[in-house]
Amino acid sequence: MRISTQQQYLQTIDQMQRTQATLADKQNEINTGKRLITPSDDPVAAAQVVKLERELAQYEKFDDNINVTKRRLQLEDSLLDDINIAMDRINELALKAGNEATLTDQDRKGIANELYELTDYVAGLMNTQDSEGEYIFAGSKGSTKPYEELANNRFAYRGDDGQRSIQVGGDLYIASNDSGQYLFEAVEGPLEINMTGVAIAEANATNTQPFIREASFSSAALEEQFLQAAEGVGDITIRVDEPQPNVFEYSVLDAAGNPVADTDGTPLQNIPAGDLSTTPLAVNMFGLTFELHEPSNGVNGNEITLNIERERQNILDVAVDLAKVLEQPVDGPESKAELSEAVATALNGVQQAQDRNNEARTTLGSRLSTLEKIAESNIDFELFTKTAISRLVDTDMAEAITEFRFAEATLQASQATFGRVASLSLFNYIN
């Protein structure tokens, strides 16, 4: 094959230029420590790096979430510990107040004053805000102050029962708070009687009284009696019928619409009630007493549903209720009995509140332990991802230097041989 001098020159120059480009690339790779500087250097590796960097950013976000959640949970745990210490003091004061033989009315007022101070202190802890200004114990209503003092010195919860879950792993979420409703509204109070139905709605609209009135329990023992007798019944509906003019009867129905059985097994159905238009009927149903009157609307408004369940109180109300009793003089059997009952109620309330406190702190400890394990796992994933990125991006110095030396030697050899070939000429052999 015939190769012209010009072609030989061009091929040699092109080869040397490619070798110089390789040499420059290797020098740049050594200087920067990176083998992948632009996507064009290795498009496949560049795509993998983008994916890995996205995963790394996600794990860094998880780390931030873990730190935020840990701070919130640690703050909550510290606050619950302080509240528990305050409840210990309330318990001590209640026990002291129960010793009526050695205390004067003035002594009891002094205890009441300390109870009020403890109440304000605990309320402040319950209304604590985090570094971002959100209330710790307001549930999902972070901007709402959870506990508001009412005119009667009792406290109403204004938050909700929500929890805020924060993502700390690929498919793992951890609750970063607990609501005040769960933590503090844990003391069982007296039974609450809530009435619903068309008759209640009409009474509220017309500012009149419904046909069931004065519903109440006269003692805690009767409340327990009712709960035992009505166990499994659900909401109770009282229906009043008028089979004949001015002749009324009533039935007691369970949540399924079936008659409720009396303690002797007799169904409480179509029980004669007399003429309710003139004479109300006093009813005692398992300890619940109420007056039965004539329904104002005998077609659609002859039923009222009773929802009866324990009122939930907080430790603040427990302390306030005891303090109010202690402010009153003890000067007779009735006041002594009232004091004894108030002390017993307070001690029981403190015990229930502390049980919930301990339960919540155990759960907090479990969550914090879980966060520690997740953080360790995330560190391993981050290290693996960074290693994978480094293998794709960073320069292997030993390999790069070897390739640089090889390219350098190749270029020097090309230059040397080109000089010798370029000097060849037929004229050198003509005499």
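A.B. asks: Help me understand the pattern of salt bridges, please; the structure alone is not making it clear to me.
C.D. replies: Side chains carrying opposite charge are able to pair once their charged atoms draw close together. Summed over the entire model, instances satisfying the criterion amount to 17 salt bridges. Here Asp241 ties to Arg239 by a salt bridge, and the two come within 3.2 Å at their closest N and O atoms. Residue Asp241 is classed as partly exposed on the basis of its relative accessible area of 22%. Residue class for Arg239 comes out partly exposed when judged on its relative accessible area of 21%. Within this structure, Asp77, Asp81 and Arg361 form a network of salt bridges that share partners.

A.B. asks: What am I meant to see in the packing of aromatic side chains here?
C.D. replies: Aromatic ring pairs: the centre-centre distance and the angle between the two ring planes describe each pair. Applying the stated criterion across every chain, the model contains five aromatic pairs. Centroid distance Phe226 to Phe286: 6.5 Å. Interplanar angle 50°. Geometry classified as tilted. Here the residue Phe226 occupies a position in helix H6 (residues 220-229), and Phe286 occupies one in the loop between strand S10 (281-285) and strand S11 (288-292), the gap between them amounting to 60 residues. Taken together, Phe137, Tyr147, Tyr157 and Phe184 form an aromatic cluster joined through their ring pairs.

A.B. asks: Quick question: what am I supposed to make of the pairing of strand S8 (residues 247-253) here?
C.D. replies: A regular strand places its side chains so that they alternate between the two faces of the sheet. Among the seven residues in S8, six count as buried, and that is most of the element. Pairing of strand S7 (residues 236-244) with S8 involves six bridges; the strand directions are antiparallel. When the sheet's bridge partners are listed, Arg239 is paired in S8 with Ser251. Linking S7 back to S8 in an antiparallel pair, the connection comprises two residues, with Asn246 at a positive phi of about 65°. Relative to strand S9 (residues 271-274), S8 runs antiparallel, the two sharing three bridges. Each bridged residue has a counterpart across the sheet, and for Phe248 the counterpart in S9 is Gly274.

Basis of the calculations
Residues numbered from 1 in each chain as written. Predicted model: local features only at pLDDT ≥ 70, side-chain atom pairs only at ≥ 80, totals over all residues. Heavy atoms only, no water. Salt bridge = Lys/Arg side-chain N within 4 Å of Asp/Glu carboxyl O. Buried < 20%, exposed > 50% of the residue type's maximum accessible area, 1.4 Å probe, protein only. Phe/Tyr/Trp six-rings, centres within 6.5 Å; stacked < 30°, edge-to-face > 60°. Helix = DSSP H or I, 4+ residues; strand = E, 2+ residues; numbered from the N terminus. Pairing = 2+ DSSP bridges.

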